[in-house]
Every structure is written in structure tokens, then in C-alpha cells.
Amino acid sequence: MHLGTSPKTLVLLCALAAGLFRPAVADDARDAATADFAGLRRNQDYIAAYVMAVDAAAAGTADPRRLVADLNRIAGLAYECGDHFAATLAVDAAVAAARAGGGDDRHLGEALLWRALLRRRLLSAGDARADLQAADSLLATAQADPRVRGRLKQAHANFIRAETGSAASVPLYEDALAYRRANLPAPDPDTADNLVWLAWNLYEAGRFGEAMQRLAEAEAELRALGMERHTLMGTICELRFDQAALAGDLAACRETALQEIRIQQAARPGFPFGYARSAACSPLGYRRLLWVQLQEGRWEDAFVTWGQSQSPVTREFYRLRRWLEAHPAARADLRRIYGRIRIALAELDAAPPDAPPQAASLAALQAWADLQETLRGLDLPTEGPEVPAAAVQDHLEAGSALVGTVSFELGGSNPERLTVRRQDRWLVVVRPDTGLRWILGESATGDTLAALLREDVALRRTLQRAAAWPTAVAADPELERRLRRQATRILGPAVPHLQGVTTVVSIGLSQMVRMEFCPGAPAAVATVPALEIFADLAARPALAEEDRDVLLVDGGRPGPGLRALDTSGELALLKQLYPAARTLGGAAATEAVLEQWDAAGRLGRLGLAHFGGHIRNATVPERDALVVSGREEDGPGGDLVEAGELLYFYDLRPDLAVLAGCSSAHGRPRTWNEYSSLAQVLLSSGARHVVASRWDVDDRATALFMDRFYRALDTAGTADAPGACAAALAEAARWLREVRDADGRQPYAHPIYWAGFVLYGLP
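Residues numbered from 1 in each chain as written. Predicted model: local features only at pLDDT ≥ 70, side-chain atom pairs only at ≥ 80, totals over all residues. Heavy atoms only, no water.

Description of the nonpolar core
Step number 1: The biggest cluster of nonpolar side chains holds 153 residues, and the ones touching the most others in it are Phe-303, Trp-306, Trp-438 and Tyr-648.
Step number 2: The element best represented in this core is helix α5 (residues 84–99), accounting for 11 residues.
Step number 3: Setting aside residues up to four positions removed in sequence, Trp-438 forms contacts with Leu-290, Leu-294, Trp-299, Ala-302, Phe-303, Trp-306, Val-406, Trp-426, Leu-427 and Val-428.
Step number 4: Grouped together as the second largest cluster of nonpolar side chains are 67 residues, Leu-577, Leu-713, Ala-721 and Phe-757 included. (Core = buried A, V, L, I, M, F, W, Y, C linked by side-chain atoms within 4.5 Å. Buried < 20%, exposed > 50% of the residue type's maximum accessible area, 1.4 Å probe, protein only. Helix = DSSP H or I, 4+ residues; strand = E, 2+ residues; numbered from the N terminus. Contact = heavy atoms within 4.5 Å.)

Looking at the packing of aromatic side chains
The description of an aromatic ring pair rests on the distance of the ring centres and on the angle between the ring planes.
Step number 1: Under the defined criterion, the tally for this structure stands at 17 aromatic pairs.
Step number 2: With a centroid separation of 4.8 Å and 65° between ring planes, the pair formed by Tyr-46 and Phe-271 is classed as edge-to-face. Within this pair, whereas Tyr-46 is found in helix α3 (residues 46–59), its partner Phe-271 is found in the loop between α13 (250–267) and α14 (275–280), the two being separated by 225 residues in sequence.
Step number 3: Residue class for Phe-271 comes out buried when judged on its relative accessible area of 1%.
Step number 4: With centroids separated by 5.2 Å and ring planes inclined at 65°, the aromatic side chains of Phe-709 and Tyr-710 adopt a geometry described as edge-to-face.
Step number 5: Judged by its relative accessible area of 0%, Phe-709 falls in the buried class.
Step number 6: Members of the aromatic cluster, joined through ring pairs, are Phe-273, Tyr-275 and Phe-317. (Phe/Tyr/Trp six-rings, centres within 6.5 Å; stacked < 30°, edge-to-face > 60°.)

As for helix α28 (residues 699–716)
Step number 1: Over its 18 residues, α28 extends 26 Å from the first C-alpha to the last, a length consistent with the 26 Å expected when each residue adds 1.5 Å.
Step number 2: Within the span of α28, buried status applies to Ala-701, Thr-702, Ala-703, Leu-704, Phe-705, Met-706, Phe-709, Tyr-710 and Leu-713.
Step number 3: Put simply, Asp-698 is the residue that caps the front of α28, since its side-chain oxygen is 3.1 Å from the backbone nitrogen of Arg-700.
Step number 4: The positive-phi residue at the C-terminal boundary of α28 is Gly-717, with phi of around 100°. (Expected span 1.5 Å × (residues − 1). Polar contact = N/O pair within 3.5 Å; in protein donor to acceptor, adjacent residues only side chain to side chain.)

A short note on the confidence of the model for the protein chain
Step number 1: Summing up the model confidence of the protein chain, the mean pLDDT is 85 and the portion of residues at 70 or higher is 87%.
Step number 2: With pLDDT under 50 throughout, residues 1–25 is counted as low confidence; its partners more than four residues away or in other chains account for 37 contacts.
Step number 3: Below pLDDT 50 for its whole length, residues 558–562 participates in 10 contacts with residues either more than four positions away or in separate chains. (pLDDT = per-residue confidence, 0-100.)

What to know about the packing of helix α7 (residues 125–141) against helix α8 (residues 146–164)
Step number 1: Contact geometry for α7 and α8: axes closest at 11 Å, N-to-C directions at 155°. Considering the angle they form, α7 stands roughly antiparallel to α8. Viewed along their axes, α7 and α8 form a crossing whose handedness is left-handed. Along its contact with α7, which presents Ala-125, Gly-126, Ala-128, Arg-129, Leu-132, Asp-136, Leu-139 and Ala-140, the element α8 presents Val-148, Arg-149, Leu-152, Ala-155, His-156, Phe-159, Ile-160, Ala-162 and Glu-163. (Axes fitted to C-alpha atoms, helices over the stretch in contact; angles between N-to-C directions. Parallel < 35°, antiparallel > 145°, perpendicular 65-115°, else oblique. Left-handed = near helix turned anticlockwise from the far one by under 90°.)

In C-alpha cells:
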């Protein structure tokens, strides 16, 4: 980043110009606000609580101890509501400020505790263990608040659950509960939370009677607190639904599913937009209602409910971008606010590792709170339109079909720990000529289910390990046999209903399950996160050919911390196919050109945006980034385009976006049963087709794959010809798998070379 003044000075000047720091509050007003803050948190109005907490922190920068305490409060608030972006900003600032002399051992211990919990959730228990041990040591000798000690005890239980399973964690949850009952007032929200998660782990450990008893205690505690609509009550509904489902009580299942939906809908407005809101208020109640409707044979109702249960993060982002198309003034407001976040993040990224980052962190947190307030003030639709099967039929081309899978795990929630007691998997097929069919694919229990879960986990890990191997990987017939067996087991029941189908729109298929491994299934496949998005994309007209720009971004040149990529071959071909294309990259400030194009409206009418080069997968999805030149530097005029910028700053809506770098579609699985990735963000932004990779891809294989893909697409004439992108991707995969070198060998026969790229959006 090249600025005429220091980054810190720029941040403070911009903050003052924007009215970032509000007037300081007196201590008596602060004490009164503390009670108000507790009420907002109890009522799950996290957005209002953010504003109050960040204002208090900004007003208290002159008092280091108070600042650390306020940053800890923001970190806890953000962690609790699933806002990992704000939690990361706050906890990193709290730790740095405490180590620089703000506060005492209590404050540093609490900051490290929040960081341990956050790292456990985002990375792994092993990555976070050192922070937990340090927090334990500091809080053991300090006069810590009983709430912090209780949180520390429950954190130890959370870590043991992640490392060894629920059975071993139960005594630690019980110890935390005993401490809280002895040291906190009754009733208390922390005690209620403890009871719920103790019940959850008792349930996963097979101690069902004790689990139901603890659930009853938790519900009584929540009702005594007036928290009947708290999302913890939704968690209680989940366990009660499982028990009723295993007992065959459909009436009880329906009632608990509807109760969970009501709780989620009531809570949603108070949660931050996007990832955080969907983490804690995901539409899992709809999935349970769907299970009931399938048991009752209510096929049409089940199809609509299935659509309501899908990909809440992507759907929410998608609805925002569609709404902004009709409200450009609102888009300008979001762009202005997110511009402040960009400046603050650039300051943080440029700071030395040990520098206390309070000013930039507070600037980013204040802008983030303002962004959430602004989003809540917009008249955004909270739910998309219902999409019946007949509407999908109208959008399907002849020779195509929509295929989806949905699985239900009953009696547990942790497949890798094998705590699931029963798994039902259903498939749905919609064809323009034969209509809607639901098919029960498999229903497994006991040892059979455990073996299937182990095999699915082992296959995923085998592919990921092979993709990470630094040398050439030979063909693996045994792996392919296992992949065929898995695909046949999962997709095989749908094959008899796909006769004559050449192109599939898939919804709900696992990232590791490929149709080409299932005998008799079409190889040309496009994946769409939700019915709502498919129906909208299919109904939207493509750009006229004369209005299409082509943008080629070369991010493969060497730079600090980056491995050099050879993108010359694919770029040469693209320049040959698209002579008028604009190529960006190298040492130029690529993002400055993107801003110029955006201001001129050109990013909204791209026919093709090809990003050749690196992808940065960050620990929080808002900071995933496209490396748009060889230098990995962020900020205005820098060389990274982050997911948050694509969502709130740029208006990038290409007909076809190709992300040729590694793991551009991999992302992270979350509790809302979808993946967060740059592919998801670009589709949310309005791209009709997105090609992205599921794992790390080989440079040479990728160049050959892209060559074949673009030549096949050129033969079709346009990406918007029916099924053209899906067919071109399938052709590239088939060709790369079978291509032979000068010695007659097939160097790219292993699936990691040819099965890594997938198509999202329309086929």
C-alpha cells in the first residue's frame, strides 16, 4: 500500500472525518449502560449491543485497563453470536493491549480465554490449546470474576469434547455447572447455557434419560429468565425432535420443528448479517419439518420446505445483491462504510506483529457495527420466495434434470465421532417431462451406519492428503473403486430416473461425491446452493454479446510469501480467444483498475472474469481473498480483493467467473450445512456461472484443464448456451484424465488432477 502519510494517521483522520468516535461517556452513564448491555445480550439484540460496546471502548481509550475490559466484552459478544470477523478483531486487540500494559492478569487471562475458544472453533483444539493453558494459569491466581471462571471451566469441557468426544467431556460440564450454581445468582443465563450443552453431550454419550432431565432443567431456567425465544430453546427443540423421531411420534416432531422455526425467525433480526446470523439462526427447523413431511408422503410440501432449508448464508447474500440492484443509494452507503473497514484492515495488516492495534481495531469494529446497523435498517426480505417443483420444471431445459440429496442424522450430531444412531438419506429428482420424485436412498443404523460414516471420512481425508502431496501422484484404482462405491450408494437410486438426461443441476450433493463416479449418471453437472438462486438465475436474461467485457487477472507472479505460478499458457490462450480482453496483474496496482471499472459500471457487465493465480483462504470467511497480482499486500490500491469487498464494495457480476487457483471452492463447513468460499461469494454477487477448485490443484494440470475447458466453451459459442459450461467442464475432466504423455502414460489419471474443478450456478 502506498500512501502519503502513515497508515495509523490516515485511519485516525478518516475516523474523525467520518464521525467515527462518538463523544465520551461519563462513568455513571457507563455503569447504567452495563445493565442495558446485559439486557440486550439476553434478548439477543447483538447489533444494538455491538454499538453500545464499541462506543464504550472508543470512549475509554485513555484508560488501558478499561479498554481491555471493553475489548473482551466485544470479543465475547461476537463469539457468542457467531460473528468471527468482529471476534477476531476484538480478541487480537485485547491480547495485544493487555500485553502492552493494559489491565492485569485477569484481563489478559480473559482475553486469552476468548482467543482460545475462537481458535478452537475456527482452527482446531490443538491450535488453541496453548492459549487455554495460559488463560488457566493466569486466572488461577487472579481474583477473576465468577462468570469468567465458569466460562473457563466450560471451555475445558468444550476442548475435551472436540479432542476425545462427548463421553469424556460430561464430567467437566458437570463441574462447570456445579461451580456456576454455587457462585452465580439463580436463575442465570450462563447456568442455562451450561445445562443445555451438558444435556447435548449426555445425549451424544448415549445417556438419554439424564439428557432429557437436564433439558427440562435448562428450559425451566430459561423460562424463569423470560428467555422463551432464545436460540438455546431452539437447541432444546433439536434434541427433543430426535427423541420423538426415533420413537416414531410424528405429531411431537412436527410441533418441535415448528417451535424451532418460530424461535429462529424471532431471533434473526438481532444477529449480524450473513455468516454470523446464519451460524446461530440457521433454518435447521425447516430440515426437521422436511423430515416429517417426507415420512407423511407430502411430496410437494416437502419440496418447498426443502428449498427453505437450503444454504442460508448464500441466500441471504444473494437477496442483498438483488435488492441493491434496485436501490443504488443503499449500495453507496454500504460501499462508504466498508471503505472505512478496508482502511482499518490495511492499517492492521501493515502493523508490526507485537504492536498494540487499538486504533485500527476500534475503527474497524465501529465501522462493522455501523454496517450491521445500516443493513438492519434496509427493507431487506428475510425470506426468499417459495419455489414449487412446477417452477423448477419451467426453468429446466430439455434433456436436463435437477437432482438433490438431503440426509438426516438422528440420535446425535457428530458423524466423525460416530454418535449418530440413525441416518436417512433422501434423493429428489425433477425433470421437465416427468415432474417431481422423492426417493428414499438409504437408511442405516448401528454397525452398518458406523462403517459408512468411517468410509466417508476416510475418503475425504485420502483425497485431501493426495492433493497436498508435493510430487506427482500416480493413478489409484483402489481409490477410484471406493469412490464409485460411495457415489453408487448415494446417487445410484436416482439413476433409473435419469434416463435420457445429459445435464444435471445438483443441489445438496457433497463436495466429495461426483456424479461421474456413479455408473449411468450424467457427467455434465452444475451445483446450485438453493432452489431460490436457481430459479432467479434461470429467469434473469444474459447480457447481450455486444455489452460483454472480458477481464483476465494474472495473480500468479512471484511475491513475498507466494509460490510462483506459471499462468502464461492459459492467459495466452484466453488472449487468443478474446482479443479485446483487458489483462491485469504483475507489479501494477490491479485493484485501482478494478475500482475504476466499478465506478464506470463495467464490472457489472463482464462476460468473463478469469482469475489466474493464488487464493487466500483466511480463518474468517470475510477475509478470504483473490490475489490479483504478484504481491500479497492488502488495502486500497493493493493486491488482494477480499470476500467482504466483493459483498459490500464492488459490483462484480460476471456471466462466467473462473477461479483457477487452489481451493477456491473449498472454504470451511459450518453448522448451517454449507461451505463458505469465494465461489459462494461470487455466486451471491450475481455471477451466473462460477468455476472453482475444491482442493489444491497442480499448476501444469490446471493449465491443460483450462485450455481444454475454454476451447470446448468456444466451440459452444457462449457460456450461456444451454448446458455449455457444464458440458465443457465435463469434457475437460474427461480429456485430462485420459491424456497421454510422450511415453504413453496417463500422468493425470488420479482424481486430484481432473476432479478438482466444479461448476456453480447454471449449467
